[in-house]
Amino acid sequence: MAVYPVPEPDLTPAELIARATALVPRLRAEQDEAEERGSYTEGMHRAFQKAGFYRAVQPRMFGGYEFDIPTYYKAMLEICRGHPGAGWCLTLAAAHAFVVASHWSEAGQRDLFGPDGHFVAPHRPAPQGTATPAEGGYIVSGQWDYCSGVPHATHFIGGARVIDGAEPPTAINFVAPRSAVTVLDDWGGDKTLGMRASGSNAVRIERAFIPAHHTAPGFGLWLQGALSRDGTPGTRLHGNSMYLGQVMGPYHMGLVAPIIGAARAALDEYEALVLKRPTIFPPVTPRFQHGDYQRAYGQAATLADAAEGILLHAGEKYMENCRRWAVDGTPFTLEMSLRLWGMIQHAGQLAIRAVNIVFDASSSQATRKGSRIERYYRDIGMYRSHIS
């Protein structure tokens, strides 16, 4: 029985994905407004909340739907096709319930998912802050950049160095309530080249008390797979091997889904363009009947297909690795995580090539400010510069 109520106990994966698809026209209609404000609109936030996206990978015990990783990213790919920047914001804000469900204690999860199961949080794992031990927890201060999803968040998850004189120094991950976080005005409009609607603001925390049970080990342990031999708090509490929480693969899926979404969205725009515009030089024909334009569309479409196939296969491999651990104790190793990460990086590169082909084939019309193809071209530039 769920500790917190599940809003729609009978919601299916197919319906979740269909709801995402249905929002594509609205997402496109709101692109300009979302880019200027730096994240999707409040109305879209409420639509996402009603659709169940924030709860997709959250455990049922605490009010979530506990869908698997492939289901989540199938839905997010549709949102990203509507608006890659908004998709980046949602995908990263909603995915981290899975991280808390994997690595935080039962007491911490009860607090953080309570009282009604609504939990939205970016995660900036780099230890850009400090955590000073105090009775019952830590005093945390610092500033974290690129906190994608924070404009609509209920919490913030960050990394911090523990200031206790230990050598080598240790790090923790902590969850702070939104009330303890100051969101800086450094995103949206012309502040960045692309992903302007991704809500990737920096945040600042000044001497916030974080209870010990709202913390978990530093991110490095998760990357090493060191916790998978004996399971995690999440596998023991929820009985679901998905909550091994080996995050290298799933984390990079969150970065690449918007790039594949950009490729799909660019193809939609390109198709509309070639259907309505003729060639310039004789013999003048509709562009969609000309081999050059057909070839560009086919190349970009198959690159996008391949990228999506890799992404979803990586999600299935993640779930398979977790199931094998549950069945016979096969470790989910660092090498396995790195191979998933590498696969997904290749998916990102294929999607970038697809957008480049569309951009090159769309003539100077695509370079004008306000062109959606120009927007998607800027968005992939942000991924190409990402530290991952």
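Predicted, not measured: the structure shown is a model, and the values here were computed from it.

Peer 1: Now, about the layout of surface pockets: what can you tell me, with residues and values included?
Peer 2: Taken as a whole, the largest pocket encloses approximately 840 Å³ of empty space. Lining the largest pocket are 33 residues; nearest its centre among them are Arg124, Leu255, His386, Ile387 and Ser388. For the lining of the largest pocket, the secondary-structure elements that each account for two or more residues are helix H6 (84-95), strand E1 (123-134), helix H9 (219-224) and helix H11 (248-276). Counting residues per element, the lining of the largest pocket draws most heavily on H11, which supplies six residues. For the lining of the largest pocket, a count of residues per class yields 21 nonpolar, 11 polar and one charged.

Peer 1: Residues and numbers for the pattern of salt bridges, please.
Peer 2: All told, the structure shown has 19 salt bridges when counted by the stated rule. Residue Arg81 pairs with Asp268 through a salt bridge whose shortest N-O separation is 3.3 Å. A residue pair is termed long-range when its members are at least 10 positions apart, and Arg81 in helix H5 (residues 69-82) and Asp268 in helix H11 qualify at 187 residues. The exposure class assigned to Asp268 is partly exposed, which follows from its relative accessible area of 26%. Ionic pairing is found between Asp190 and Arg196, a salt bridge with its closest N-O pair at 2.9 Å.

Peer 1: Can you tell me about the side chain of Asn201, naming the residues and giving the values?
Peer 2: Counting through the fold element by element, Asn201 comes out in the loop between strand E5 (182-183) and strand E6 (203-211). Contact partners of Asn201, with chain neighbours within four places excluded, come to Trp144, Asp145, Tyr146, Cys147, Val150, Pro151, Val183, Leu184, Asp185, Asp186 and Trp187.

Peer 1: Any chance you could break down the pairing of strand E4 (residues 171-177) for me, citing the residues and the numbers?
Peer 2: Among the seven residues in E4, five count as buried, and that is most of the element. Where strand E3 (residues 155-162) meets E4, seven bridges bridge the pair, whose relative direction is antiparallel. From the neighbouring strand, Arg161 faces E4, where its bridge partner is Ala171. Bridging between E4 and strand E7 (residues 215-217) involves three bridges; their strand directions are antiparallel. Paired with Asn173 across the bridge in E7 is Ala216.

The rules behind each value
Residues numbered from 1 in each chain as written. Predicted model: local features only at pLDDT ≥ 70, side-chain atom pairs only at ≥ 80, totals over all residues. Heavy atoms only, no water. 1 Å grid on protein atoms, 1.4 Å probe; cavity = no way out; pocket = protein on both sides within 12 Å on 5 of 7 lines; lining within 4 Å. Points joined across faces, edges and corners; volume = space filled by probe spheres on them. Helix = DSSP H or I, 4+ residues; strand = E, 2+ residues; numbered from the N terminus. Nonpolar A, V, L, I, M, F, W, Y, C, P; charged D, E, K, R; others polar. Salt bridge = Lys/Arg side-chain N within 4 Å of Asp/Glu carboxyl O. Buried < 20%, exposed > 50% of the residue type's maximum accessible area, 1.4 Å probe, protein only. Contact = heavy atoms within 4.5 Å. Pairing = 2+ DSSP bridges.

Just distances and angles here, no functional claims.
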